Every structure is written in structure tokens, then in C-alpha cells.
Amino acid sequence: MKITVVGAGAVGATCADNIARKELAEELILLDIKEGFAEGKAIDMMQTATLLGFDTKIKGVTNDYSQTAGSAVAVITSGLPRKPGMTREELIGINAGIVKGVAENILKYSPDAIIIVISNPMDTMTYLALKSLGLPKNRIIGMGGTLDSARFKYYLSVALNCNSNDLQGFVIGGHGDTTMIPLTRYATYQSLPVTELLDQETLDKVAADTMVGGATLTGLLGTSAWYAPGAAGAALVESIVRDEKKLFTCCVSLEGEYGQSDICLGVPVIVGRNGWETIIDYKLNESEQASFNKSADAVRAMNAVLAEMKLV
Ligand SMILES: NC(=O)c1ccc[n+]([C@@H]2O[C@H](COP(=O)([O-])OP(=O)(O)OC[C@H]3O[C@@H](n4cnc5c(N)ncnc54)[C@H](O)[C@@H]3O)[C@@H](O)[C@H]2O)c1
């Protein structure tokens with residue numbers, strides 16, 4: 001099994017590191033456009049192999065897509081990260097050209113690859129991949145809700161003072177600060193609804209902290225976060241290559257599900273060998289559906305920029 005990660009920056013390298021530690025592939029190609037950068041990161045990671053005891057062979061390459069040939073999964077992290085004060089939307093013009101070019105190059109050498117899009121603005125980059133590549137929809141997965149759901153559970157665990165692994169909960173909708181929807185009503189602590197364990201004020205704060213979770217870290221770090229985004233990307237790769245059929249919130253093509261069409265948006269899906277396999281239909285109440293529709297409107301407005309740029 002061969003996996004490619006494009007972009008050897010903070011998120012891509014962390015994703016590759018997690019993939020190698022979990023031995024999800026025999027061969028892992030790390031590709032970047034910056035001369036020598038991926039090579040350096042790959043050698044550094046390979047020098048941890050005897051310390052960590054993994055067998056995955058990581059190879060770094062500068063823009064040489066022939067080396068990625070035959071990859072089962074390709075994770076796209078190439079693009080600019082969000083700077084403090086910059087919205088994901090502002091990134092669109094720059095990252096759209098990068099993501100489209102990268103995805104086309106990947107498919108030239110790995111026509112059967114499942115594509116995981118991480119580059120921001122992720123919902124729009126996923127839609128761009130869906131519209132421009134002509135692949136079956138199940139092979140295009142946007143990673144955003146997987147991370148946002150992990151952040152939601154982190155903030156819930158702090159509020160409940162509990163082990164975050166005892167929590168279930170997810171965030172649907174867009175990946176932007178104002179477009180994501182933490183589904184508090186469905187979150188549980190070992191089957192107990194969190195709505196029975198925390199007061200409304202605390203629940204509202206958890207949801208608000210989750211929604212600005214990325215921006216909070218960007219403010220603290222001076223650039224966007226990488227440990228959790230990289231781990232979230234690797235968790236999706238793991239569910240694909242091991243055919244785990246785990247439930248994650250992913251950005252996928254909607255054709256009427258959750259009341260939306262012609263858009264890629266975060267919903268709970270089963271992830272397995274074929275990419276995303278099934279959308280799970282959690283019944284939304286009126287206000288959740290209204291938030292979801294509002295989120296779709298905001299993402300659709302960003303997607304319109306792609307048409308203006310003649311990219312779709
Ligand atoms: N979806 C999410 O949940 C999520 C979370 C965090 C970050 N992100 C996004 O992921 C992307 C990467 O973030 P980062 O912090 O790793 O940034 P980074 O700057 O550390 O890394 C980006 C890398 O992409 C490379 N690159 C640029 N153009 C390229 C091309 N055409 N081909 C190959 N490589 C190219 C750069 O040289 C750089 O090494 C950003 O768009 C960021 O906003 C998304």
C-alpha cells in the first residue's frame with residue numbers, strides 16, 4: 001500500500017508522521033513544491049523509525065508526481081495557512097489554483113486514489129475537487145468536521161472534567177468559524193446526554209469555544225494549528241486503508257441529504273475502503289436545520305468565487 005501526502009508543511013508533515021507511526025502503508029510519499037523541503041522532513045521522520053519502531057518507508061520529493069504513482073490515498077494539504085486575522089475565505093483565490101493543479105497531477109499517476117482535501121477554505125476546495133476532477137463522489141473527502149468534532153469533545157471534556165475518550169459528539173456544516181454547527185443535542189458522555197450534565201450557559205460556551213477553536217490557536221501560535229489537523233487527516237486515512245467503517249463528520253457531496261444539493265458540506269459519514277460510503281441521517285430539529293441551511297448559504301457564496309475564477 002502506498003499513500004501520498006502533498007504539502008510537507010506543518011499539517012502535511014504531522015499527518016505523514018501519524019501515518020508512519022501507525023504503519024498505515026508500506027510506502028509514504030511526501031511531496032512539496034519547495035526544493036528539498038519534503039526530502040528533509042522525510043529523512044528527519046525516517047530517523048525516528050528505529051526509535052519508534054515503525055516500518056513505513058517515507059520518501060520526500062520535490063514536485064515529482066511520478067514518485068506518487070499507484071497511491072491508494074492522497075492527502076492534499078498544500079496551500080497557504082491562515083494568518084492571524086485572515087479568514088478562510090480570503091485564502092480561496094490562492095489555494096484554489098494550488099489544489100486543482102495538485103489533484104490533477106495526483107490522478108495522472110494514481111487514477112484510483114481516494115482524495116482527502118485539507119487545504120482551506122476546505123468546503124470550497126472539496127467542491128472544487130468534486131466539480132473539476134470528474135471522480136465518483138465517494139472518492140472525494142474534505143477533512144474539517146473530523147477536526148472540529150475532536151475540538152468539540154476537547155472543550156466538552158474540560159467543562160465536564162472527564163476523559164475526552166468517554167465522549168461522543170460531532171460538528172456538522174461548514175468548516176468556518178461561523179458556519180460550523182456543534183450538535184450539542186446529540187453529544188453524550190457514556191450514553192448520558194451532555195444536556196443533562198451541563199447547564200445551558202456552559203453548553204453555549206463549549207459550542208462557542210469550538211467554533212472559534214481554530215482562530216484561538218491561530219492567535220496563540222501565529223499560524224494555524226497542525227497537531228490535531230494532521231492527526232484528523234491520518235484518522236481518515238486509517239479508516240480507509242483498514243476499512244474500519246468508522247463514523248466521522250466529513251465534507252462530502254450532498255444530493256438532497258440534509259436538505260441540500262450541489263454543495264460539499266460536513267455531515268456524519270461512514271469511512272471505509274471505498275472512501276466515504278454512507279451518509280448517516282441524524283434528524284435535525286428546526287433550529288439545527290435552519291443553522292445548516294445558513295451554513296450552506298455561506299459556503300455556496302464562497303463556491304461562487306470558483307465560478308467567477310472559471311475554475312468550475
Ligand atoms: N481542513 C482543516 O481542518 C485544516 C486545519 C489546519 C490547516 N488547514 C489548511 O491546510 C493547509 C496547510 O496548512 P499548513 O499549516 O500545513 O501550511 P504550511 O505553510 O506549513 O504548509 C503548506 C505547504 O504546502 C506547500 N505547497 C504550496 N504550494 C504547493 C504546491 N503547488 N504543490 C506542493 N506543495 C505546495 C508549501 O511549500 C508548504 O510547505 C492550509 O491551507 C491551512 O489553512 C486546514
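Residues numbered from 1 in each chain as written. Predicted model: local features only at pLDDT ≥ 70, side-chain atom pairs only at ≥ 80, totals over all residues. Heavy atoms only, no water.

S.K.: How do you make sense of helix H1 (residues 10-21) when you look at a structure like this?
M.R.: For an α-helix the count is 3.6 residues per turn, leaving residues at separations of three or four pointing the same way. Spanning twelve residues, H1 covers 17 Å between terminal C-alpha atoms, matching the ideal 16 Å at 1.5 Å per step. Counting buried positions over the twelve residues of H1 gives ten, a clear majority of the element. Every buried residue of H1 is listed here: Val-11, Gly-12, Ala-13, Thr-14, Cys-15, Ala-16, Asp-17, Asn-18, Ile-19 and Ala-20. Looking at the packing, one finds that the buried side of H1 touches strand S1 (2-6), strand S2 (27-32), helix H2 (37-46), strand S3 (57-62), strand S4 (73-76) and helix H9 (227-241). Count one or two residues on from H1 and you reach Glu-23, which has phi positive near 50°. (Helix = DSSP H or I, 4+ residues; strand = E, 2+ residues; numbered from the N terminus. Expected span 1.5 Å × (residues − 1). Buried < 20%, exposed > 50% of the residue type's maximum accessible area, 1.4 Å probe, protein only. Contact = heavy atoms within 4.5 Å.)

S.K.: Would you explain the sheet that holds strand S10 (residues 188-189) in this entry?
M.R.: Each strand in a sheet pairs with another by means of backbone hydrogen bonds, the pair being arranged parallel or else antiparallel. Here we have three strands laid out as an open sheet, ordered S7-S10-S11, and antiparallel in their pairing. Only two strands of the sheet have a single partner each, and these edge strands are strand S7 (167-168) and strand S11 (192-193). Of the strand pairs in this sheet, S10 and S11 are connected by two bridges, and their pairing is antiparallel. Paired with Thr-188 across the strands is Pro-193, a residue of S11. (Pairing = 2+ DSSP bridges.)

S.K.: Teacher, can you tell me more about helix H5 (residues 122-133) here?
M.R.: A rise of 1.5 Å per residue sets the reference length of H5, with its twelve residues, at 16 Å; its end C-alpha atoms lie 16 Å apart and thus fit the reference within 8%. Within the span of H5, buried status applies to Met-122, Asp-123, Thr-124, Met-125, Thr-126, Tyr-127, Leu-128, Ala-129, Leu-130 and Leu-133. Remark: Gly-134 follows H5 within two positions and exhibits a positive phi of approximately 70°.

S.K.: Help me understand the site of the ligand, please; the structure alone is not making it clear to me.
M.R.: Surveying the vicinity of the ligand reveals 30 residues, the closest of which are Ala-10, Val-11, Asp-32, Leu-80 and Met-143. Separating an oxygen atom of the ligand from a backbone N or O atom of Val-11 is a distance of 2.8 Å. One of the backbone nitrogen or oxygen atoms of Leu-80 is found 2.8 Å away from an oxygen atom of the ligand. Relative to its unbound accessible area of 870 Å², the ligand is 87% covered by the protein chains. Mapped onto the shell around the ligand, the elements with two or more residues apiece are H1 and helix H4 (92-109). Ranked by residue count, the leading element in the shell around the ligand is H4, at three residues. Of the residues in the shell around the ligand, the class split is 16 nonpolar, eleven polar and three charged. Split by domain, the residues of the shell around the ligand number at least three in each of domain 1 (2-142) and domain 2 (145-308). (Near = heavy atom within 4 Å. Polar contact = N/O pair within 3.5 Å; in protein donor to acceptor, adjacent residues only side chain to side chain. Areas by Shrake-Rupley, 256 points an atom, 1.4 Å probe, with all protein chains shown as cover. Nonpolar A, V, L, I, M, F, W, Y, C, P; charged D, E, K, R; others polar. Domains from an automatic or database assignment.)

S.K.: How do you make sense of the domain arrangement of the protein when you look at a structure like this?
M.R.: It is common to give the size of an interface as the accessible area lost on bringing the parts into contact. Taken as a whole, the protein is organised into domain 1 (2-142) and domain 2 (145-308). Taken together, the contacts link 39 residues of domain 1 with 46 residues of domain 2. Here domain 1 and domain 2 share an interface that buries about 3500 Å² over both sides, 65% of which is from carbon and sulfur atoms. Between the two partners, domain 1 and domain 2, sit three salt bridges. One can count ten residue pairs in polar contact (both at pLDDT 80 or more) joining domain 1 with domain 2. Counting residues per element, the ones that place at least two in the side of domain 1 that touches domain 2 are H1, S4, H4, strand S5 (114-117), H5 and strand S6 (140-142). It is H5 that contributes the most residues to the side of domain 1 that touches domain 2, eight residues altogether. Residues belonging to the side of domain 1 that touches domain 2 are distributed by class as follows: 22 nonpolar, seven polar and ten charged. (Buried area = accessible area lost by both parts, 1.4 Å probe. Salt bridge = Lys/Arg side-chain N within 4 Å of Asp/Glu carboxyl O.)

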